[in-house]
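Close look at the chain arrangement
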Amino acid sequence: MPAAEHPEHPETTEDLAGRAERALLGRPASMGRREVSEGAGVEPATARRFWHAMGFQNVEDDDAMFTEADLQALKRVATLIHDGQVTEELALGMTRAFARTSDRLAVWQTQLVAESLTSPFSEELEGRDSRSAPEPRIAADAATLLADIADDIEPLLVYVWRRHLTNAIARMLADADPAVRQDPSAPYRVVGFADLVSFTSFVRRMSERQLARLVQRFELLASDVITEHGGRVIKTVGDEVLFVHKEVAGAAAIALDLVDAMAEDELLPPVRVGLAHGRVVSRLGDVFGLTVNKASRITAVTPSGKVYVDDDMARGLGEVSGFTATEQRRRMLRGIGVLTLHELQRAPGGRGQASRTDPA
């Protein structure tokens, strides 16, 4: 029951946090690190490394910071290592991957729930800029709701992870196929950056909550467009989104649809998109290399509401119907050199579409 329903006996922050911990982790923390490592049959130093890999701060060996859930998790990892299915370094690497992703996921979800419980008119009623953090009552209700529904949404989390793991395996196998005749450590991709124009001026005129809504709206629209055409969102950073696609047609469709989607949205400023085609290095869920840098520099010189592409992308589009790439003047791009850029447009009467069968 939400904390707000018991005004005569309000719970403290510590009470609420403890209740959420018990709902999510089971028994309260009662074991020290030494006890957990002994129970799992691993050295204390190994337990410490996994605790750090999960993204948590150091604790003393005898501090009662751990629950039965911590012990069972460490036991499972220890069994994998003992049975020779994975090395300790691989297990640590996978733990870090889970931890970094889960940290962002948890923060994202708590903010979404808190925002869903906040009146859209609270800012006007209060007569002041709203804080990015929720009011105490909203935070308490959000904590209660999240703890209550965790068991129901956990299967969805596992299902989504398995779906994405399936796609990642398919991409890995396709990139490693000898018939492709390319270096699997640096496969060919189209890299795109979409950048909101005049974002800084928008920030100056907005409260923190309004800014959060704008960024959330941008991420939502951009993600929908990118995934609709079979692309992958690599990351978003406020006013910018980085995406990749295996096919030039798919990337072109994404870029033009992003421009249209932002132009039709009353909340968002216009967007500009830069695309480059070439080899990329993929690491830790991110992409690196000259092609990524090139796409970023192209975006920086692209006019508002336009899409500019490099020579390789323009040549690839020459074999694809539904698009035109009009040569622009040569530009000096910092750290890249002199490039001939091309403005991407839809061919008259056509809307180029991506292939939806090949994961990016």
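Refer to the structure presented above.
1. Observations concerning the overall build of the chain
- The number of helices and strands found in the chain is 12 helices and 9 strands.
- Scored against the burial criterion, the 360 residues of the chain give a buried share of 37%.
- Within the chain, counting contacts between residues at least 6 apart in sequence, those at least 24 apart form 70% of the total.
- Summed over all atoms, the accessible surface of the chain reaches about 21,000 Å², with 54% contributed by carbon and sulfur.

2. With respect to a nonpolar patch on the surface
- A cluster of nonpolar side chains, namely Leu90, Met94, Phe98, Leu157, Val158, Trp161, Leu165, Ile169, Met172 and Leu173, defines an oily patch on the protein surface of about 930 Å² accessible area.
- Secondary structure elements with two or more residues in the nonpolar patch: α5 (88–116) and α7 (136–176).
- The element contributing the most residues to the nonpolar patch is α7, with 7 residues.
- Structurally, the position occupied by Met172 is in helix α7.

3. Quick notes on helix α4 (residues 68–82)
- For α4, which comprises 15 residues, the first-to-last C-alpha distance of 21 Å matches the rise-based estimate of 21 Å (1.5 Å per residue) to within 8%.
- Restricting attention to buried positions, one finds in α4 the residues Leu71, Leu74 and Ala78. With its buried residues spanning 70° around the axis, α4 presents them on a single face.
- Residues of α4 that are buried in the fold lie against α2 (33–40) and α3 (44–53).
- At the N-terminal end of α4, a side-chain oxygen is found 3.2 Å from the backbone nitrogen of Ala69, two or three residues along, and the residue is Thr67.
- After α4 finishes, the residue Gly84 shows a positive phi value of roughly 80°.

4. Some remarks on the pattern of salt bridges
- In the structure shown here, the tally under the stated rule is 10 salt bridges.
- Between Arg346 and Asp257 there is a salt bridge; the shortest N-O distance is 2.3 Å. Taken together, the residues Arg346 in strand β9 (residues 337–346) and Asp257 in helix α10 (residues 248–264) connect sequence positions 89 residues apart. Per residue, the accessibility class of Arg346 equals that of Asp257, and both read buried.
- The partner of Asp310 in a salt bridge is Lys294, and the shortest N-O contact between them spans 3.6 Å. Within this pair, whereas Asp310 is found in the loop between β7 (307–309) and α12 (311–317), its partner Lys294 is found in helix α11 (residues 290–300), the two being separated by 16 residues in sequence.

5. Considerations on the pairing of strand β8 (residues 323–333)
- Bridge count for β8 against β9 is 9 bridges, and the pairing is antiparallel. Residue pairing across strands places Thr326 opposite Glu343, the latter belonging to β9.
- Hairpin connection from β8 to β9: 3 residues lie between these consecutive antiparallel strands, with Gly335 at a positive phi of about 80°.

6. Notes on the environment of Gly289
- Inspection of the secondary structure assignment puts Gly289 in the loop between β6 (286–288) and α11.
- Distance from Gly289 to Gly278, taken between C-alpha atoms, is 9.3 Å for residues 11 residues apart in sequence.

7. Brief notes about the environment of Gln111
- If you trace the backbone, Gln111 turns up in helix α5.
- Of the residues examined, Gln111 reaches a relative accessible area of 45% and is grouped as partly exposed.
- Considered as a pair, Gln111 and Ala142 are 31 residues apart in the sequence and their alpha carbons are 8.7 Å apart.

8. Here's the deal with unusual backbone geometry
- Within the chain, Leu284 stands out as a residue other than glycine whose phi angle is a positive 55°.
- In this structure, Leu284 sits in the loop between β5 (281–283) and β6.
- You can call Leu284 exposed: its relative accessible area is 68%.

9. Description of the sheet that holds strand β2 (residues 232–237)
- Across the sheet, which stays open at both edges, the 7 strands sit in the order β2-β3-β1-β4-β7-β9-β8 with mixed pairing between neighbours. A strand with exactly one partner marks an edge of an open sheet, and here the two such strands are β2 and β8. Going from strand to strand, the sheet's axes swing by 25° on average, the running direction of each strand aside.
- Docked against the sheet, helix α9 (residues 208–228) engages β1 (188–196), β2 and β3 (240–245), running at close to 10° with respect to β3.

Calculation notes
- Residues numbered from 1 in each chain as written.
- Predicted model: local features only at pLDDT ≥ 70, side-chain atom pairs only at ≥ 80, totals over all residues.
- Heavy atoms only, no water.
- Helix = DSSP H or I, 4+ residues; strand = E, 2+ residues; numbered from the N terminus.
- Buried < 20%, exposed > 50% of the residue type's maximum accessible area, 1.4 Å probe, protein only.
- Contact = heavy atoms within 4.5 Å.
- Areas by Shrake-Rupley, 256 points an atom, 1.4 Å probe, with all protein chains shown as cover.
- Patch = residues over 30% accessible without salt bridge, like charges linked within 9 Å, V, L, I, M, F, W, Y side chains within 5 Å.
- Salt bridge = Lys/Arg side-chain N within 4 Å of Asp/Glu carboxyl O.
- Expected span 1.5 Å × (residues − 1).
- Arc of directions from axis to C-beta.
- Polar contact = N/O pair within 3.5 Å; in protein donor to acceptor, adjacent residues only side chain to side chain.
- Pairing = 2+ DSSP bridges.
- Axes fitted to C-alpha atoms, helices over the stretch in contact; angles between N-to-C directions.

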